[in-house]
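Structural overview
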Amino acid sequence: MELLEFVKALKKTFDIDDVEKLGDALALAVKTNDTSKFDAFRELVNDELDVDHLQKVYQYYCADRVEKKQDYTPRSLAALVAALTPPSAVVVDLCTGSGALTIQKWKESPTTTFELYELDERVLPFLLFNLALRNIEARVFVGDALDDSCELKYQVSRGSVYGRVAYIESTF
């Protein structure tokens, strides 16, 4: 499916009139654990969960490519890095974005737990939706990993089908 066609289908699925509102719609689906949105998204992507389908949408419509130099990790590179990373009970990603590398590592080892760091809060709904959709257990830290100013903000726990996202109000 081409990007424009996919965006049109996403807007219909999430009942939005502008792709710029997708982050808010994803955040609402995650916050309310709206399994109908997860089901509809899975149907839209034909259950192809080993691909970060939201990545290109974020990159082309929402990313700050000028000031923050945001760009996506190509699927082939994410798969290579995931293959080169040794098996581990916990995998850390210091620049998570929407989760392309995490998804590739999860594909190899679905019981792995992830510690994910991201500076840009605008991409978090895309990441959290991706994690919950795939039932990936993770702790999501928000802030600058380079100066160690990150705070734990979200805990994604495995559910029976979809993950559950909890906002962490206080940090340790």
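The sections below set out a description of the structure shown in this document. (Residues numbered from 1 in each chain as written. Predicted model: local features only at pLDDT ≥ 70, side-chain atom pairs only at ≥ 80, totals over all residues. Heavy atoms only, no water.)

A few points about helix α1 (residues 3-13)
Selection criterion: Note on classification: 1.4 Å probe, protein chains only; a residue is buried when its accessible area is under 20% of the maximum for its type, exposed when over 50%, partly exposed between these limits. To qualify as a helix, a DSSP run of H or I must reach at least 4 residues; to qualify as a strand, a run of E must reach at least 2; elements of each kind are numbered from the N terminus. The arc under discussion is defined with respect to the helix axis, by the directions toward the C-beta atoms. Note on contacts: a residue pair is in contact if any heavy atoms of the two residues lie within 4.5 Å.
Restricting attention to buried positions, one finds in α1 the residues Phe-6, Val-7, Ala-9, Leu-10 and Thr-13. Seen along its axis, α1 keeps its buried residues to an arc of 165°; they face one direction. Opposite the packed face of α1, turned more than 90 degrees from it, sit the exposed residues Leu-4, Lys-8 and Lys-12. Buried residues along α1 sit in contact with α2 (22-31), α3 (35-44) and α4 (54-61).

With respect to the nonpolar core
Put simply, the rule is: In these notes, a set of buried Ala, Val, Leu, Ile, Met, Phe, Trp, Tyr and Cys residues joined through side-chain atoms within 4.5 Å is what counts as a nonpolar core.
Counting residues in hydrophobic clusters, the biggest one holds 42 residues, and the most contacted among them are Leu-10, Phe-14, Leu-22, Phe-41, Phe-129 and Leu-131. The element contributing the most residues to this core is helix α7 (residues 124-134), with 8 residues. Residues within four places of Leu-131 in sequence aside, it is in contact with Thr-102, Leu-116, Ile-136, Ala-138, Val-140 and Val-156.

Observations regarding unusual backbone geometry
Positive phi is not limited to glycine here, since Asn-33 has a value of about 50°. Residue placement: Asn-33 occurs in the loop between α2 and α3. Look at Asn-46: it is not a glycine, yet its phi comes out positive at around 55°.

Side note on the environment of Asp-39
For Asp-39, the position within the fold is in helix α3. Sequence separation of Asp-39 and Tyr-162 is 123 residues, and the distance between their C-alpha atoms is 9.6 Å.

Side note on the state of the cysteines
Rules: A pair of cysteine sulfur atoms is labelled a disulfide when the two atoms are within 2.5 Å.
For the coordinates displayed, the defined rule picks out 0 disulfides. Not part of a disulfide, Cys-150 finds its nearest cysteine sulfur in Cys-95, a span of 11 Å.

A word on the side chain of His-53
The residue His-53 is located in the loop between α3 and α4 in this model. A residue is classified by how much of its surface remains accessible, and His-53, at 17% relative accessible area, is buried. Sequence-distant contacts of His-53, defined by excluding residues within four places in its chain, comprise Phe-6, Phe-41, Val-45 and Glu-48.

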